[in-house]
Amino acid sequence: ECIEGEELEDNRGPCESVLAPSEFGMLFVEACVQDVCSGGQGILEHYEAFGRRVFHEYAAEAQGKQRCAFPVEPHGVGYFWDPRCRTTESLGCVADGVHDECRLCGGSG
């Protein structure tokens, strides 16, 4: 039984949810389940922040390079894979004209 009275496995779904934006984040599900059980639900917020940071700093750019389908790769502006573009209309989404999740970022002018 966990510190807040739930069962260990009750934390699996929330941990998977906050770490899901990247396959890399999913490597930490077991640690998250254990930590949330022993430290309480507040620990989940730390894993959520970790999952977002890891995704945006590492996985999003790599996934963009693999999945975006630009006829000519943009110069002077970055792009990345943003799953939030599937559910939210936002500036820079559908950058390649094909994939909702392909998003432009930054620029040099």
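What you see is a predicted model; the values in this text were computed from it and never measured.

Each value, and the rule that gives it
- Residues numbered from 1 in each chain as written.
- Predicted model: local features only at pLDDT ≥ 70, side-chain atom pairs only at ≥ 80, totals over all residues.
- Heavy atoms only, no water.
- Helix = DSSP H or I, 4+ residues; strand = E, 2+ residues; numbered from the N terminus.
- Buried < 20%, exposed > 50% of the residue type's maximum accessible area, 1.4 Å probe, protein only.
- Contact = heavy atoms within 4.5 Å.
- Areas by Shrake-Rupley, 256 points an atom, 1.4 Å probe, with all protein chains shown as cover.
- Disulfide = S-S within 2.5 Å.
- Arc of directions from axis to C-beta.
- Phe/Tyr/Trp six-rings, centres within 6.5 Å; stacked < 30°, edge-to-face > 60°.
- pLDDT = per-residue confidence, 0-100.

### With respect to the overall build of the chain
For step 1, the next point in the chain: Counting its secondary structure elements, the chain contains three helices and two strands.
For step 2, the next point in the chain: Considering only C-alpha atoms, the chain reaches an extent of 55 × 25 × 20 Å along its principal axes.
For step 3, the next point in the chain: Scored against the burial criterion, the 109 residues of the chain give a buried share of 33%.
For step 4, the next point in the chain: Within the chain, residue pairs in contact and separated by at least 24 positions form 46% of the contacts whose partners lie at least 6 positions apart.
For step 5, the next point in the chain: When the accessible area of the chain is evaluated, it comes to approximately 6800 Å², of which 51% is carbon and sulfur surface.

### Considerations on the state of the cysteines
For step 1, the next point in the chain: Overall, the coordinates contain four disulfides when judged by the stated rule.
For step 2, the next point in the chain: Covalently, C2 is tied to C37 through a disulfide, its sulfur atoms 2.0 Å apart. Here the disulfide of C2 and C37 is left-handed, its torsion about the S-S bond being about -105 degrees. With a gap of 35 residues between them, C2 in the segment before α1 (12–19) and C37 in helix α2 (residues 29–39) connect regions that are remote in the sequence.

### Some points on unusual backbone geometry
For step 1, the next point in the chain: Although it is not a glycine, V94 adopts a positive phi angle of roughly 55 degrees.
For step 2, the next point in the chain: One can find V94 in the loop between β1 (78–81) and β2 (102–105).
For step 3, the next point in the chain: Judged by relative accessible area, V94 falls into the partly exposed class, the value being 35%.

### Brief notes about α1
For step 1, the next point in the chain: Turning to α1, its buried residues are R12, C15, V18 and L19. The arc that holds every buried residue of α1, seen down its axis, measures 140 degrees, which confines them to one face.

### Overview of the packing of aromatic side chains
For step 1, the next point in the chain: For the coordinates displayed, the defined rule picks out two aromatic pairs.
For step 2, the next point in the chain: With a centroid separation of 4.8 Å and 65 degrees between ring planes, the pair formed by F70 and Y79 is classed as edge-to-face. A single burial state applies to F70 and to Y79, both of which are buried.

### Some thoughts on α2
In an α-helix, one turn spans 3.6 residues, which is why side chains three or four residues apart end up on the same side.
For step 1, the next point in the chain: Turning to α2, its buried residues number three or more, namely V29, C32, V33, V36 and C37. Summarising the axial view, the buried residues of α2 lie within an arc of 125 degrees, below the 170-degree limit, and thus occupy one face.
For step 2, the next point in the chain: Immediately downstream of α2, the backbone of G40 shows phi near 95 degrees, a positive value.

### Details of the confidence of the model for the chain
For step 1, the next point in the chain: Taken as a whole, the chain shows an average pLDDT of 85; of its residues, 92% reach a score of 70 or greater.
For step 2, the next point in the chain: Highest mean pLDDT in the chain belongs to α2 (95); lowest belongs to helix α3 (residues 42–67) (81).

### Looking at the environment of L19
For step 1, the next point in the chain: Mapped onto the fold, L19 is located in helix α1.
For step 2, the next point in the chain: Separated by 29 residues in sequence, L19 and E48 place their C-alpha atoms 6.4 Å apart.
For step 3, the next point in the chain: Contacts of L19, omitting those with residues within four sequence positions, involve G25, M26, F28, V29, C32, Y47, F50 and G51.

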